[in-house]
Amino acid sequence: MIDSQLRTSGINDPWVLARMAAVPREKFVPEAQRDIAYMDRAVPLGDGTFLASPLVHGMMLTEAAPRRDDTVLIVESGTSYLAELVRPLVASLETRSAEEIAASKSARKAFSLVLVDGAMEAMNSGLSKRLEEGGRIVTGVVERGVTRLAVGRKTAGSVTLQPVADVGIPVLKAFEQAKNWSF
């Protein structure tokens, strides 16, 4: 994974490679999927959920550049893999399900860094409320059917996302937009 997927794709920061090497992916997938835990695409976990590819997690870590003083929220679909990668690098870390964030109308706490372990079709207002002013977000976004890694910062109360790279990121069901038809 380190040499054949991450390094060849430009993920070379020593601290990112060290975290990726330290956390065994096979512990975060069902037993039946352990043989494919390191493949270069998302691992299906059942119920429409996935463990993103090693490349996606490596890119997310690189873009997030977590700091020791960061308070971090990780939005996920239940794998906890990204949380284990980030936990020793930051001051505090909380995880919430995508469903919980999508349903929430108010923020109980603001974070300096939000990582969304998946892609969303539109910025969720519950996420922007959970990001402190000046805080950073790293997430997947869907634009015209293409998933991209995106980064953003909360400035003057709003969050703007900038795509960084096209990469296959599983879409989180809770952040899908209703499909409609128009001319």
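What counts, and at which threshold
Residues numbered from 1 in each chain as written. Predicted model: local features only at pLDDT ≥ 70, side-chain atom pairs only at ≥ 80, totals over all residues. Heavy atoms only, no water. Helix = DSSP H or I, 4+ residues; strand = E, 2+ residues; numbered from the N terminus. Rg over C-alpha atoms; globule rule 2.2 N^0.38 Å. Buried < 20%, exposed > 50% of the residue type's maximum accessible area, 1.4 Å probe, protein only. Contact = heavy atoms within 4.5 Å. Areas by Shrake-Rupley, 256 points an atom, 1.4 Å probe, with all protein chains shown as cover. Core = buried A, V, L, I, M, F, W, Y, C linked by side-chain atoms within 4.5 Å. Polar contact = N/O pair within 3.5 Å; in protein donor to acceptor, adjacent residues only side chain to side chain. Phe/Tyr/Trp six-rings, centres within 6.5 Å; stacked < 30°, edge-to-face > 60°. Lys NZ or Arg CZ within 6 Å of the ring centre and 35° of its normal.

A. Up close: the overall build of the chain. Along the backbone of the chain there are six helices and eight strands. Overall, the chain shows an N-to-C arrangement of helices and strands of α-α-β-β-α-β-α-β-α-β-α-β-β-β. Computed over its C-alpha atoms, the radius of gyration of the chain comes to 16 Å, within 12% of the 16 Å expected for a compact globule of 183 residues. Dimensions of the chain, computed from the C-alpha atoms along their principal axes, are close to 45 × 40 × 30 Å. The burial tally for the chain puts 45% of its 183 residues in the buried class. Contacts in the chain between residues far apart in sequence, at least 24 positions, make up 49% of those at least 6 positions apart. Surface accessibility of the chain: about 9000 Å² in total, with carbon and sulfur atoms responsible for 50%.

B. View of the environment of Ala37. Secondary-structure assignment places Ala37 in the loop between helix H2 (14-22) and strand E1 (43-46). Residue class for Ala37 comes out buried when judged on its relative accessible area of 0%. If sequence neighbours within four positions are ignored, Ala37 has contacts with Arg25, Glu26, Val29 and Val43.

C. Layout of the nonpolar core. Ranked by internal contacts, the top residues of the largest apolar core, which has 37 residues, are Met20, Val72, Ile74, Val86 and Leu115. For this core, the secondary-structure elements that each account for two or more residues are helix H1 (2-6), H2, helix H3 (54-64), strand E3 (71-76), helix H4 (81-86), strand E5 (111-120) and strand E6 (131-143). Ignoring any residue separated from it by four or fewer positions in sequence, one finds Val86 in contact with Leu61, Val72, Ile74, Leu93 and Leu115. Counting residues in hydrophobic clusters, the runner-up holds 14 residues, among them Phe111, Val114, Leu131 and Phe175.

D. Geometry of the environment of Gly118. Checked against the element boundaries, Gly118 lands in strand E5. Distance in space between the C-alpha atoms of Gly118 and Val138 is 9.8 Å, their sequence separation being 20 residues. Once residues lying within four places of it in the same chain are set aside, the contact partners of Gly118 are Thr139, Gly140, Ile169, Pro170 and Leu172.

E. The arrangement of the environment of Asp3 in detail. Topologically, Asp3 is positioned in helix H1. A relative accessible area of 55% places Asp3 in the exposed class. Each C-alpha atom, one on Asp3 and one on Arg68, is 27 Å from the other, the two residues being 65 residues apart in sequence. One polar contact links Asp3 to Arg7, side chain to side chain, over a distance of 3.3 Å.

F. Representation of the packing of aromatic side chains. Following the criterion strictly, the structure yields one aromatic pair and no others. When the ring centre of Tyr81 is taken as origin, the NZ or CZ atom of Arg25, which lies over that ring, is 5.1 Å away.

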